[in-house]
Amino acid sequence: MKNPNELIIPALRAHIGDWVYYVTFLRMDQIADQIHIAQEIHSSNVLKDMIQRQITNRAGQISDYLLKQPQRFFNSLIIGVYGGSPDWYELKIGPNRHPGVPELPLELGGVLGILRLDGTQTFFAIDGQHRVEGVKQALKRNSELSREEISVIFVAHQNDPDGMERTRRLFTTLNRYAKPVSKSEIVALDEDDIIAITTRELVEKHPLFQEKISLSKTKAIAVKDHRSFTTIITLYDVLEILFKTARGWAEFKRHRPEDSTIAEYYANSKQFWDTLVKYFPPLREILTSEPDKYIAGRYRNREGGHLLFRPVGLLIIAQVVCQARDSGLSEREAIKRISEVSMELTDEPWVGLLWDKINQRMISGTVPQKVARQLLFHCIGGDLTDMKTDMEAVRREYAGLLNRDASEVKLHRQYTSLL
């Protein structure tokens, strides 16, 4: 009687290093029924449990992706095979009898064939454990996915100490050297992340950014870059601050919203930047200038310049605007009030806090940035208890960063209250 787990599948046979492997595909129901996670590469139950916990934490996200994304696609699963009696049937490459059709190269010999696994074998995922568990969960909710196919790569595994060590090494190598998707790649390519989509729209449509934005892979922008207002990563991070919600935000960004929602996000982000341009003359100057006029160089230089032309400054202002909105102030009024505070890095409160005047460079660190946010929020009339602090605590921390006594520093205030 034929084993129900028997597989007869087309495959490519190849090798790298001392591994021989087979490239093929399996249906999702076959993956769910036959492939286990990589617990089998450890004999310790504790280590097996640790792998199980790490995998199930992410499987639900992948399941949701399969169920909700019509354009779903996966990288190949790498599957270890042990036991059973696998057979490889090579397809013979011979002379081509069809006129006008090119001859097949002889090196294809031994590459194309049929792989038969008799059903007594055991499969486990060396790379793709989360995807395997995600497939299993998705099929429980929608069995119609069962006929869809995912590419897999089979490698042989020996279930003995040497074989387990060899497979563990492959497991860690694949995971250690797999390069995660960078934020710059997300911004450039992600068609589900609403912030990435909105960022690209601003870069393409808004004159503040058209040919005036650095494509650096980090937030940092070179002082010598006199053309760019800011970096595309900073723009992404500012929008993330403005729109991020408390619950379900990460999950929301995994699924492309309706076109109407995308249009709404773009309109709101455009309004934010248009309001900044209205109240900050240097931004109007950038917006109305040609890129080769290098206006940014006037406001970002070795003498300091304007806070908005430093990535950290944009992020601080976005965070204070959000805090003010949460406290009852309109976005427009918050930006107007912020614009009445000096943005020159050589002026208080920025000098010594964010700007090192002696060494002519920005001061990094989360604590100076936190204090800068608190000072700016207080200055525009914010209640520091909304930021879970008070005037005396901020004064002490500010004084400490300036290496002064708390009695020597003042907290300036433009408005008595936000409302």
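Residues numbered from 1 in each chain as written. Predicted model: local features only at pLDDT ≥ 70, side-chain atom pairs only at ≥ 80, totals over all residues. Heavy atoms only, no water.

K.L.:
I tried to follow the overall build of the chain on my own but got confused; where do I start?
P.N.:
Each helix and strand counted, the chain has 15 helices and 14 strands in total. Looking at the chain as a whole, 46% of its 419 residues qualify as buried. Sequence-distant contacts, at least 24 apart, represent 69% of the contacts inside the chain between residues at least 6 apart. If you sum the accessible surface of the chain, you get close to 22600 Å²; carbon and sulfur atoms cover 51% of it. (Helix = DSSP H or I, 4+ residues; strand = E, 2+ residues; numbered from the N terminus. Buried < 20%, exposed > 50% of the residue type's maximum accessible area, 1.4 Å probe, protein only. Contact = heavy atoms within 4.5 Å. Areas by Shrake-Rupley, 256 points an atom, 1.4 Å probe, with all protein chains shown as cover.)

K.L.:
Explanation requested: the sheet that holds strand 6 (residues 112–117) in the structure shown.
P.N.:
Each strand in a sheet pairs with its neighbour through backbone hydrogen bonds, running either in the same direction (parallel) or in the opposite one (antiparallel). Taking strand neighbours across the sheet as the criterion, the 8 strands line up as 3-7-4-8-2-1-6-5 in an open arrangement whose pairing is mixed. Strand pairing shows two members of the sheet lacking a second neighbour, strand 3 (35–36) and strand 5 (87–90), which therefore form its edges. Where strand 2 (residues 19–27) lies against strand 8 (residues 149–156), 7 bridges are found, and the strand directions are antiparallel. When the sheet's bridge partners are listed, arginine 27 is paired in strand 8 with glutamate 149. (Pairing = 2+ DSSP bridges.)

K.L.:
Is there a simple way to explain helix 12 (residues 311–326) in this structure?
P.N.:
Spacing of three or four residues puts side chains on the same side of an α-helix, whose turn is 3.6 residues. Along its 16 residues, helix 12 runs 23 Å from first to last C-alpha, staying within 8% of the 22 Å computed at 1.5 Å per residue. Counting buried positions along helix 12 yields 13 of 16 residues, so the element is predominantly enclosed. Positive phi appears at glycine 328, one or two residues downstream of helix 12, with a value of about 110 degrees. (Expected span 1.5 Å × (residues − 1).)

K.L.:
For this particular structure, what's the right way to read the environment of lysine 136?
P.N.:
Summarising the element assignment, lysine 136 is placed in helix 3 (residues 129–141). C-alpha of lysine 136 to C-alpha of alanine 59: the two residues are 77 residues apart in sequence and 8.9 Å apart in space. With sequence-adjacent residues up to four places away left out, lysine 136 is seen in contact with Ile31, Ala32, Ile35 and His36. Only 3.0 Å separates the side chain of lysine 136 from the backbone oxygen of isoleucine 35, close enough to count as a polar contact. (Polar contact = N/O pair within 3.5 Å; in protein donor to acceptor, adjacent residues only side chain to side chain.)

K.L.:
Mind showing me how you'd approach the packing of helix 12 against helix 14 (residues 366–379) here?
P.N.:
Helices that pack against each other are described as a pair by the angle of their axes relative to one another and the distance between those axes. Here helix 12 crosses helix 14 at 50 degrees, and the two axes come no closer than 10 Å. As judged from the angle between their axes, helix 12 and helix 14 are oblique. Helix-helix and strand crossings are classified by hand; for helix 12 and helix 14 the assignment is right-handed. Contacts between helix 12 and helix 14 involve Val312, Ile316, Ile317, Gln319, Val320, Gln323 and Ala324 from the first element and Gln369, Ala372, Arg373, Leu376 and Phe377 from the second. Partitioning the contact of helix 12 with helix 14 into residue classes produces 8 nonpolar, 3 polar and 1 charged. (Axes fitted to C-alpha atoms, helices over the stretch in contact; angles between N-to-C directions. Parallel < 35°, antiparallel > 145°, perpendicular 65-115°, else oblique. Left-handed = near helix turned anticlockwise from the far one by under 90°. Nonpolar A, V, L, I, M, F, W, Y, C, P; charged D, E, K, R; others polar.)

K.L.:
Can you walk me through the pairing of strand 4 (residues 77–82) in this structure?
P.N.:
Burial within strand 4 is extensive, with 6 of its 6 residues counted as buried. Sheet topology note: the strand 4/strand 8 ladder contains 5 bridges and is parallel. Paired with valine 81 across the bridge in strand 8 is alanine 156. Pairing between strand 4 and strand 7 (residues 122–127): 5 bridges, direction antiparallel. Bridge pairing links tyrosine 82 to threonine 122 in strand 7.

K.L.:
Sorry, what's going on with the pairing of strand 1 (residues 7–16) here?
P.N.:
Here is the key point about a regular strand: its side chains alternate between the two faces of the sheet. Bridge count for strand 1 against strand 6 is 6 bridges, and the pairing is antiparallel. By the bridge assignment for strand 6, proline 10 is matched with isoleucine 114. Looking at chain direction, strand 1 and strand 2 are connected through 5 bridges and run antiparallel. Of the residues in strand 2, the one forming a bridge with isoleucine 16 is tryptophan 19. The loop that links strand 1 with its antiparallel partner strand 2 comprises 2 residues; one of these, glycine 17, has a positive phi angle of about 55 degrees.

K.L.:
Looking at this structure, I do not really get the packing of aromatic side chains. What am I missing?
P.N.:
Any aromatic ring pair is given by two values, namely how distant the centres are and how the planes are angled relative to each other. Following the criterion strictly, the structure yields 12 aromatic pairs and no others. Between tyrosine 22 and tryptophan 88, the ring centres sit 5.3 Å apart and the planes meet at 50 degrees, which makes this aromatic pair tilted. One end of the pair, tyrosine 22, is in strand 2; the other, tryptophan 88, is in strand 5, and 66 residues separate them in sequence. Looking at tyrosine 22, the relative accessible area reads 17%, which means it is buried. Ring centres of phenylalanine 229 and tryptophan 273 lie 6.3 Å apart, and the angle between their planes is 85 degrees; this geometry places the pair in the edge-to-face category. In this pair, phenylalanine 229 is assigned in the loop between strand 9 (213–214) and strand 10 (230–231) and tryptophan 273 in helix 9 (residues 259–279), connecting sequence segments 44 residues apart. Here phenylalanine 229 falls in the buried class, since its relative accessible area comes to 0%. In this structure tryptophan 273 comes out as buried when scored by relative accessible area, which is 0%. Joined through ring pairs, the aromatic side chains of Phe209, Phe229, Phe272, Trp273, Tyr299 and Phe309 make up one cluster. Lying over the aromatic face of tyrosine 266, lysine 205 brings its terminal NZ or CZ to 5.0 Å of the ring centre. (Phe/Tyr/Trp six-rings, centres within 6.5 Å; stacked < 30°, edge-to-face > 60°. Lys NZ or Arg CZ within 6 Å of the ring centre and 35° of its normal.)

K.L.:
Mind showing me how you'd approach the nonpolar core here?
P.N.:
Here is a general trend for soluble globular proteins: nonpolar side chains tend to be buried in one another's company. Core analysis: the biggest nonpolar cluster contains 74 residues, and Phe229, Trp273, Phe280, Leu283, Ile338 and Trp350 have the highest contact counts within it. At 10 residues, helix 12 tops the list of elements feeding residues into this core. Counting residues in hydrophobic clusters, the runner-up holds 27 residues, among them Leu7, Ala125, Ala138 and Ile150. (Core = buried A, V, L, I, M, F, W, Y, C linked by side-chain atoms within 4.5 Å.)

K.L.:
In this structure, what is going on with unusual backbone geometry? I would like to understand it.
P.N.:
Excluding glycine, a negative phi dihedral is what most residues carry, and trans is how most peptide bonds are arranged. Cis geometry marks the peptide bond from glutamate 348 to proline 349, where omega comes out at 5 degrees. In this structure, tyrosine 294 takes a positive phi of about 55 degrees despite not being glycine. Despite not being glycine, lysine 388 shows a phi value in the positive range, around 60 degrees. Turning to its location among the elements, lysine 388 is positioned in the loop between helix 14 and helix 15 (391–402). Judged by relative accessible area, lysine 388 falls into the exposed class, the value being 80%.

By themselves, these observations are geometric and do not establish any function.
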